[in-house]
Amino acid sequence: MALSLLAMAVLGMTGAGLGIYALTSNRVPGRLFGKTVRNPRLWGTGMLLMVSSLAFVSWTLLIIGLGITVTSHAVKPTG
């Protein structure tokens with residue numbers, strides 16, 4: 001039980017860090033994400049929603065965050 005809580009905490013902090021980094025710097029970390037993600041801020045927003053779904057235990061937030069993250073791979077930024 002303690003090991004699973006530790007794993008959830010590590011995944012949550014990693015996802016939150018990646019989401020905040022992408023949202024503030026308009027870049028995604030790594031070569032793979034850099035080549036596939038067209039809209040990094042949208043990707044960061046989706047990551048933060050997915051991480052917040054862990055905190056609030058909400059399937060709705062998870063699905064919305066997943067949809068936003070997947071959409072960021074296809075939608076080009078405007079402006």
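To be clear, the structure that these remarks concern was listed above.
Keep in mind that this is a model prediction, so the values were computed, not measured.

(A) Main features of the overall build of the protein chain. In terms of regular secondary structure, the protein chain is built from four helices and zero strands. Taken from N to C terminus, the helices and strands of the protein chain fall in the order α-α-α-α. Residues classed as buried in the protein chain amount to 25% of the 79 residues present. Within the structure as shown, the protein chain displays about 5,500 Å² of accessible surface, and the carbon and sulfur contribution to it stands at 73%.

(B) Representation of the nonpolar core within the structure. A22, V28, V37, W43, M47 and M50 together form the largest nonpolar core, which totals six residues. The greatest single-element share of this core, amounting to three residues, is contributed by helix α3 (residues 40–56). Aside from chain neighbours lying at most four places away, what touches M47 is G15, G19 and T69.

(C) Just the environment of G12, in detail. Considering the arrangement of structural elements, one finds G12 in helix α1 (residues 2–25). Judged by its relative accessible area of 11%, G12 is buried. In the structure, G12 is positioned 41 residues away from S53 in sequence and 9.8 Å away in space, judged by C-alpha atoms. Beyond its immediate stretch of four places on either side in the chain, G12 contacts V51 and L54.

(D) Layout of the packing of aromatic side chains. Inspection of the entire model under this criterion finds one aromatic pair. With a centroid separation of 5.1 Å and an interplanar angle of 45 degrees, the aromatic rings of F33 and W43 are classed as tilted. Here F33 is found in helix α2 (residues 31–36), whereas its partner W43 is found in helix α3, with 10 residues between them in sequence. We classify F33 as partly exposed; its relative accessible area is 33%. Here W43 falls in the buried class, since its relative accessible area comes to 3%.

So, how was this worked out
- Residues numbered from 1 in each chain as written.
- Predicted model: local features only at pLDDT ≥ 70, side-chain atom pairs only at ≥ 80, totals over all residues.
- Heavy atoms only, no water.
- Helix = DSSP H or I, 4+ residues; strand = E, 2+ residues; numbered from the N terminus.
- Buried < 20%, exposed > 50% of the residue type's maximum accessible area, 1.4 Å probe, protein only.
- Areas by Shrake-Rupley, 256 points an atom, 1.4 Å probe, with all protein chains shown as cover.
- Core = buried A, V, L, I, M, F, W, Y, C linked by side-chain atoms within 4.5 Å.
- Contact = heavy atoms within 4.5 Å.
- Phe/Tyr/Trp six-rings, centres within 6.5 Å; stacked < 30°, edge-to-face > 60°.

Limitation: the analysis is restricted to geometry and does not speak to function.
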